[in-house]
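Here is how the chains run, residue by residue.
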Amino acid sequence: MIRELIVICNLSISQVELLQIWRNRRPRRLTEELLDRMLTRLALCDDSNLQALLSKLLPLTISSLSSSSSTSVRNKVIEILGHVNKRVKYQPDIALPLLDLWDLYMKSNASSPLVKNFCIIYLEMAFERAQETEKKNLMPVLVANISKVPNQHQEIILRIAAKGIGEYYAKGLDEETAFKYQFVDNSKDRELFIEFCLHLVLYQPQSQGGECVPGLSILLRVIMLRESIHWQMMPF
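Described in the following lines is the structure provided in the data block. In this text the structure is predicted, and so the values were computed from the model without any measurement.

Here we come to empty space enclosed by the protein. With the rule as written, the count across this model stands at 1 cavity of 30 Å³ or more. Within this model, the largest cavity holds a volume of roughly 30 Å³. If you trace the largest cavity, you find it lined by L98, W102, L123, F127, L138, L142, I157 and I160. Only α5 (98-107), α6 (113-129), α7 (132-144) and α8 (151-168) provide two or more residues apiece to the lining of the largest cavity.

The structure is reproduced here in structure tokens:
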């Protein structure tokens, strides 16, 4: 290290500039090499260890798009994700890192649209494969941050949340669950959620018995709250 510093100090300006150019290129090459090793490891991984590998590999692969604009890096990422799709397509029991993908989605800035676009694809896939507790914990978070996501992704995220609500709260809503949704305190979040609920209710057919369509109970409660109608007046 000392020898390298001495050499650098004795370099001319033009040589320093060349060194900076080399250093600026180095992270790109290392990223490509890392992705190539990740692809090899993925290809050699058997199905019994695939879930554990994807829990780290999938967020890391997608996040690499934010640190490089290289076409070769992008192509390598697409190659890895294509391999992931083939491996998990017919194996719904292999879970994907739902919370890590959501965290990556929210932390990626507007200058990394590819990261958000890939995250939203795998978020929907991960939600389908997640455990019940993980889904229930994430659904209020999705709704509470809906105004912070790009417009083109809002409907997808609300659809994920509404599907989970319909799946787990068709028979009613307990106080503990209702408390979680009280954190939707941003007016923009509430308006977007309520508008989506209204559209969902509008296009859902009534059952033959005239009862509330399963899964819409919590959505209707939110709408009734907006209209200042007491919940006890509704036949839930």
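In total, this model carries 1 aromatic pair according to the counting rule given. A cation over an aromatic ring shows up here: K135 above the ring of F127, its NZ or CZ 5.3 Å from the ring centre.

Moving on to helix α3 (residues 47-63). For α3, built from 17 residues, the straight-helix expectation of 24 Å at 1.5 Å per residue is met to within 8% by its first-to-last C-alpha distance of 24 Å. The axis of α3 is deflected most strongly, by about 45 degrees, at L53. Of all the residues in α3, the buried ones are L50, L53, L54, L57, L58, P59, T61 and I62.

What follows concerns the environment of D185. Its location among the elements puts D185 in the loop between α9 (175-180) and α10 (187-203). Relative accessible area serves as the criterion here: at 59%, D185 is assigned to the exposed category. In the structure, D185 is positioned 41 residues away from A144 in sequence and 7.4 Å away in space, judged by C-alpha atoms.

Ranked by size, the top nonpolar core spans 53 residues in total, and within it L54 and I62 carry the most contacts. Those elements that place two or more of their residues in this core are α2 (13-44), α3, α4 (71-88), α5, α6, α7, α8 and α10. Looking at this core, the element that brings in the most residues is α6, giving 8 residues. Excluding residues within four positions of it along the chain, I62 makes contact with L81, L101, L104, V115, F118, C119 and Y122.

Attention now moves to the environment of F118. Here F118 lies in helix α6. A C-alpha to C-alpha distance of 9.5 Å links F118 and L101, two positions 17 residues apart in sequence. Apart from the residues lying within four places of it in its own chain, the contact partners of F118 are I62, L65, I78 and L81.

Conventions used here
Throughout this document, residue positions are counted from 1 along each chain, in the order its sequence is written. With the structure being a predicted model, the display of local features is reserved for residues of pLDDT at least 70 and the display and counting of side-chain atom pairs for 80 or more, all residues being used for whole-chain, interface and lining totals. Excluding hydrogens and water, the side-chain values take into account all heavy atoms of the structure. Only protein atoms enter the 1 Å grid used here, on which a cavity is any set of points holding a 1.4 Å probe that cannot leave and a pocket is any open set flanked by protein within 12 Å on both sides along at least five of seven lines; residues with an atom within 4 Å of a point are listed as lining. Grid points are joined across faces, edges and corners, and a volume is the space filled by probe spheres set on the points. Strands here are runs of E lasting at least two residues and helices are runs of H or I lasting at least four, both read from the DSSP assignment and numbered beginning at the N terminus. A pair of aromatic rings is counted whenever rings of Phe, Tyr or Trp (Trp by its six-membered ring) have centres within 6.5 Å, and the orientation is called stacked for planes under 30 degrees apart, edge-to-face for over 60 and tilted otherwise. The rule is short: NZ of Lys or CZ of Arg within 6 Å of the ring centre and within 35 degrees of the ring normal puts a charge over the ring. Here the expected span of a helix is defined as 1.5 Å times the quantity of residues minus one. Two axes define the bend at a residue: one fitted to the seven residues ending there, one fitted to the seven starting there, and the bend is the angle between them. Using a 1.4 Å probe on the protein chains alone, a residue whose accessible area is under 20% of its type maximum counts as buried, one over 50% counts as exposed, and one in between counts as partly exposed. Working definition of a nonpolar core: buried Ala, Val, Leu, Ile, Met, Phe, Trp, Tyr and Cys residues. They are joined through side-chain atoms within 4.5 Å. Residue contacts are counted whenever heavy atoms from the two residues lie within 4.5 Å of one another.

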